[in-house]
2 protein chains.
Amino acid sequence: MALVVQKYGGSSVADADCVKRVAQRIVATKKAGNDVVVVVSAMGDTTDELIDLAQKVSPLPPARELDMLLTAGERISMAVLAMAIANLGHEAKSFTGSQAGVITDGSHGKAKIIDVTPGRIQSALEDGSICIVAGFQGVSQDSKDITTLGRGGSDTTAVALAAALNADVCEIYTDVDGVFTADPRIVKKARKIPFVSYEEMLEMAASGAKILHLRCVEYARRYNIPIHVRSSFSQKEGTWVVASTEGTEVENAIISGVAHDRSEAKITVVGVPDKVGEAAGIFRLLAGAEINLDMVVQNVSAVATGKTDISFTLPAADSKTALDALNKAQGTIGFDSLRFDDRIGKISLVGAGMRSHPGVTAKFFGAIADAGVNIEMISTSEIRISVVVAQDDIDTAVQAAHSAFDLDSDQVEAVVYGGTGR
Amino acid sequence: MALVVQKYGGSSVADADCVKRVAQRIVATKKAGNDVVVVVSAMGDTTDELIDLAQKVSPLPPARELDMLLTAGERISMAVLAMAIANLGHEAKSFTGSQAGVITDGSHGKAKIIDVTPGRIQSALEDGSICIVAGFQGVSQDSKDITTLGRGGSDTTAVALAAALNADVCEIYTDVDGVFTADPRIVKKARKIPFVSYEEMLEMAASGAKILHLRCVEYARRYNIPIHVRSSFSQKEGTWVVASTEGTEVENAIISGVAHDRSEAKITVVGVPDKVGEAAGIFRLLAGAEINLDMVVQNVSAVATGKTDISFTLPAADSKTALDALNKAQGTIGFDSLRFDDRIGKISLVGAGMRSHPGVTAKFFGAIADAGVNIEMISTSEIRISVVVAQDDIDTAVQAAHSAFDLDSDQVEAVVYGGTGR
């Protein structure tokens, strides 16, 4: 008998009919002889509706209370899902994050899981129950206050529970069939990837592939929990995210896929005195403002002026904070001016095979150049190459790279359920 | 400095604007130098909407999961109320029933409070916070499952917290100005009662006055917590429910008020053998079916047949269960037939003064008879007289009794906010 942890997102439980269909799927897994723990998000737009309600009474609600409010969303979905399962004749019990032993730090709205002590889940499993656990939420170790985990929280809950329960697999149900070689909305011939390593998935998540959140994949890698990303709308095998793809059909693939990201912006600090420590001062300043930089490029210094330009990318949402911090420090740092561009995009080629295959970089740049797209910035890791281009060129560049590395499928395979509004 | 526990019902926090107004009232109480603990119900129709959602996935949802679902309602209202208070510049913290230490037995949907251990509330009060506590909910002592208290649950939460915290007063905010001498929708000249004793309030609650639930008054009497029932839509003094009205302006009133109840039905068991133990057998049977009987009348046995009729009233909602149980046992008990009437009503005259004032009963019956209303059943306690009449005669009988005991006000005083849909 295997222990399966399943996670269903908000679109999979959007209304009563969706909940009933998910319940049938869960019962089928149980009937196949598995112990089943289900992590569920809030139904459909519930979270947005609760945020709207909060905004109506307070423009800046206290984080503790916002967490208390938002966690009502999963409380509703998990109880309703447990009812739907009971209606099919199987015992089901719902548990809040706190009841399931999801212990976090005290950072409301973006809490980190410190520990998982799922004693009550284990007892309920031993009694033969299907366990439904609220995703996205926990309880703080010190103050015992209710916390939420922030973006990707429910996926992280599922993987953390799978690790604590020593589960055989963590199935992440979503509205697409798995992880694709590129976004099927851009590349019609994108293929589903049957197996991908944690490292590649991490690079893809960091490069804008939205299907799994970085934290969730990091957690899975640390505890070696196989993740199976699959569609809640079909029975097809999805994508397995595992420690190693050795022995699988994709072992010899050089490139796993092409990811893209439209959510970043670029800031250039113009005319920075080219002295030791100047760049460090800028990055210390931005770190102090809690800005996560992505790519950084320092131009070669102009001999005539002894000055240089420093460009970096960052989440577009953090732009104002970063620009304000830099402006305030202009006197101290002594740069000439700031330039800002939020019409950029990032394209990343990810593949464990590039470690041992020289020439990948040249081929990638060549394909993008041949498509008539200008590269503004470059950054690389051992298994990833990223370039920044103008946002309007993203589709062209992604398609060009996808074809150049023979990733195109013979047929249009991808079905993007997301396009239906789910 | 006084400690005030306030309870706001669902109609007082029906939407964001209502929540903001309640927040102002709470802050005013705090500013007046009091420590404030607020018990809040779910916003407006939230509970009904959650029940509808449950019905969509399961015709008979498990009680444990229904409680989990319904408690999301107060979670939302309490967090939003805390935000609204914070927006006015005061520290507010919300607590679930479990966090507030409301320990119950395990009867989902109708749990009883076993203990209240409000350590977290006390700490938060010491830190200067206003505490917002979810009404209607607790956590079961044995299984640590979330429970709900059933009808009148939020009022009971408020009184139980007031007792555990040794509060000076428990203010119950509602949509009317207080407790009236009769339902102002029936008796235009009904007066607000400034003071009433626990005993009288208990009799009124048991007789159909809906303003306070029986359990809540019982709890207040046991721990001697003064309850102040007042309107959340005005600043007027409401009705004080206290141990004794001695020394108050109403000390010498004989009658407190006239209550009525349309929610009961009458069953007559016709032709019961008039032998020792036959009636006991019927009542044992009904008790086994968990039917709470109210009034019981056994007719004088007819000499010719040696048989008698037994009539009793019960909540109309339990009628089918009772009739089924009796029908099944007809062979054992040996009665002739059953008669059923759900077009009845009960009118009760309540007043501590009737203990020492003979003639009250005669005057009450006289007033009803003079109004042309036939009395079907009678039951009395030391401070209450109740009669059953035809449902269509209720208004007439209530008005007649109200006038006969000089309860009519000189002016139309009552404002029934309930009539506005709240």
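Relevant structure appears above.
Conventions used here
- Residues numbered from 1 in each chain as written.
- Chains lettered and ligands numbered in written order.
- Predicted model: local features only at pLDDT ≥ 70, side-chain atom pairs only at ≥ 80, totals over all residues.
- Heavy atoms only, no water.
- Helix = DSSP H or I, 4+ residues; strand = E, 2+ residues; numbered from the N terminus.
- Buried < 20%, exposed > 50% of the residue type's maximum accessible area, 1.4 Å probe, protein only.
- Areas by Shrake-Rupley, 256 points an atom, 1.4 Å probe, with all protein chains shown as cover.
- Pairing = 2+ DSSP bridges.
- Axes fitted to C-alpha atoms, helices over the stretch in contact; angles between N-to-C directions.
- Contact = heavy atoms within 4.5 Å.
- Least-squares fit on C-alpha atoms with pLDDT ≥ 70 in both.
- Phe/Tyr/Trp six-rings, centres within 6.5 Å; stacked < 30°, edge-to-face > 60°.
- Lys NZ or Arg CZ within 6 Å of the ring centre and 35° of its normal.
- Buried area = accessible area lost by both parts, 1.4 Å probe.
- Salt bridge = Lys/Arg side-chain N within 4 Å of Asp/Glu carboxyl O.
- Polar contact = N/O pair within 3.5 Å; in protein donor to acceptor, adjacent residues only side chain to side chain.
- Arc of directions from axis to C-beta.

**Student:** I keep staring at the overall build of chain A and nothing clicks. Help me out?
**Tutor:** Along its length, chain A carries 12 helices and 20 strands. Taking the principal axes of its C-alpha atoms as reference, chain A extends roughly 80 × 55 × 35 Å. Residues classed as buried in chain A amount to 55% of the 422 residues present. When the accessible surface of chain A is split by element, carbon and sulfur atoms take 48% of a total near 17,500 Å².

**Student:** How should the sheet that holds strand β7 (residues 137-140) of chain A be read in this particular structure?
**Tutor:** Across a sheet, paired strands are connected by hydrogen bonds in the backbone, their directions being either parallel or antiparallel. All names here are of chain A. Spatially, β5-β4-β7-β8 is the arrangement adopted by the 4 strands of the open sheet, whose pairing is mixed. The open sheet is flanked by β5 (113-116) and β8 (146-148), the only strands paired with a single partner. Taking each pair of neighbouring strands and ignoring which way they run, the sheet shows an average axis angle of 45°. Pairing geometry for strand β4 (residues 102-104) and β7, over 2 bridges, is parallel. When the bridges of β7 are listed, Ile103 appears paired with Val139. Strands β7 and β8 of the sheet are contacted by helix α3 (residues 63-87), whose axis makes an angle of about 75° with β8.

**Student:** So what exactly am I meant to see when it comes to unusual backbone geometry here?
**Tutor:** What is expected of a backbone is that most residues other than glycine have negative phi and most peptide bonds are trans. All names here are of chain B. Phi at Phe136 takes a positive value of approximately 75°, unusual for a residue other than glycine. Along the chain, the position of Phe136 falls in the loop between β6 (130-134) and β7 (137-140). One non-glycine residue, Asp406, lies in positive phi territory at about 55°. Checked against the element boundaries, Asp406 lands in the segment after α12 (394-404).

**Student:** Mind showing me how you'd approach the environment of A:Leu161 here?
**Tutor:** Residues and elements named next belong to chain A. Here Leu161 lies in helix α5 (residues 153-164). Taking the C-alpha atoms as reference points, Leu161 and Cys216, separated by 55 residues in sequence, lie 11 Å from one another. With residues near it in sequence (within four places) discarded, Leu161 still touches Val37, Val39, Ala100, Val116, Pro118 and Val133.

**Student:** Help me out: how do you make sense of the relation of the copies chain B and chain A in this one?
**Tutor:** Each of the two copies of the chain can be brought onto the other by a rotation about an axis and a shift along it. For the pair chain B and chain A, the best superposition has an RMSD of 0.1 Å and corresponds to a rotation of 180° with a translation of 0.0 Å parallel to the axis. Taken together, the rotation angle and the small translation identify this as a two-fold axis. For chain B, the smallest separation between a C-alpha atom and the rotation axis is recorded for B:Ala72, amounting to 2.5 Å. Residue by residue, 100% of the interface of chain B is reproduced at the interface of chain A, so both copies engage with the same surface.

**Student:** I'm lost on the environment of A:Leu326 in this one. Help?
**Tutor:** Residue and element names in this part refer to chain A. Within the secondary structure, Leu326 sits in helix α9 (residues 319-328). Relative accessible area serves as the criterion here: at 0%, Leu326 is assigned to the buried category. When the C-alpha atoms of Leu326 and Ala190 are compared, they prove to be 41 Å apart, with 136 residues separating the residues in sequence. Apart from the residues within four sequence positions on either side, Leu326 is in contact with Ile267, Val269, Ile282, Leu285, Leu286, Phe312, Phe335 and Leu338.

**Student:** Teacher, can you tell me more about the packing of aromatic side chains here?
**Tutor:** Geometry of an aromatic ring pair is reported as the spacing of the ring centres plus the angle between the planes. As enumerated under the stated definition, the model contains 8 aromatic pairs over all chains in all. We note B:Arg222 situated over the ring of B:Tyr219; from NZ or CZ to the ring centre the distance is 5.1 Å.

**Student:** Please explain the interface of chain B and chain A as it appears in this structure.
**Tutor:** A common way to express how large an interface is: the accessible area buried when the components associate. Tallying the contact residues gives 41 residues for chain B and 41 residues for chain A. Contact between chain B and chain A buries roughly 3,200 Å² in total, counting both sides, with carbon and sulfur atoms accounting for 65%. Looking at the side of chain B facing chain A, the largest losses of area belong to B:Val57, B:Arg75 and B:Met83, adding up to 24% of the total buried there. Connecting chain B to chain A are 2 salt bridges. For A:Arg120, the salt bridge identified is with B:Asp145, shortest N-O distance 2.9 Å. The interface formed by chain B and chain A includes 18 residue pairs in polar contact (both at pLDDT 80 or more). When contributions to the side of chain B that touches chain A are tallied by element, the ones reaching two or more residues are α1 (16-31), α2 (46-57), α3 (63-87) and β3 (92-95) of chain B.

**Student:** I keep staring at the sheet that holds strand β20 (residues 384-390) of chain B and nothing clicks. Help me out?
**Tutor:** All names here are of chain B. Strands sit in the order β13-β18-β20-β19 across an open sheet of 4 strands; the sheet is antiparallel. Where the open sheet ends on each side, the last strands, each with one partner, are β13 (257-261) and β19 (377-381). This sheet shows a mean twist of 20° between the axes of neighbouring strands, independent of strand direction. In terms of strand pairing, β13 meets strand β18 (residues 344-350) through 5 bridges, oriented antiparallel. If you follow His260 over to β18, its bridge partner there is Ile347. Against the sheet, helix α6 (residues 198-206) touches β13, β18, β19 and β20, its axis set at about 170° to β18.

**Student:** What is the right way to look at helix α11 (residues 360-370) of chain A in this model?
**Tutor:** Residues and elements named next belong to chain A. Those residues of α11 that sit buried are Val360, Phe364, Ala367 and Ile368. Buried residues of α11, seen end-on, are gathered within an arc of 95° and therefore sit on one face of the element. Counted as exposed and oriented over 90 degrees from the buried face of α11: Ala362 and Asp370. In the stretch just after α11, Gly372 is the one whose phi turns positive, near 80°.

**Student:** Just checking my understanding: could you explain the side chain of A:Ser319 for this structure?
**Tutor:** Residue and element names in this part refer to chain A. The residue Ser319 is located in helix α9 in this model. For Ser319, a relative accessible area of 6% puts it in the buried group. Ignoring sequence-local partners within four residues, the contact set of Ser319 consists of Ala265, Ile267, Leu314 and Phe340.

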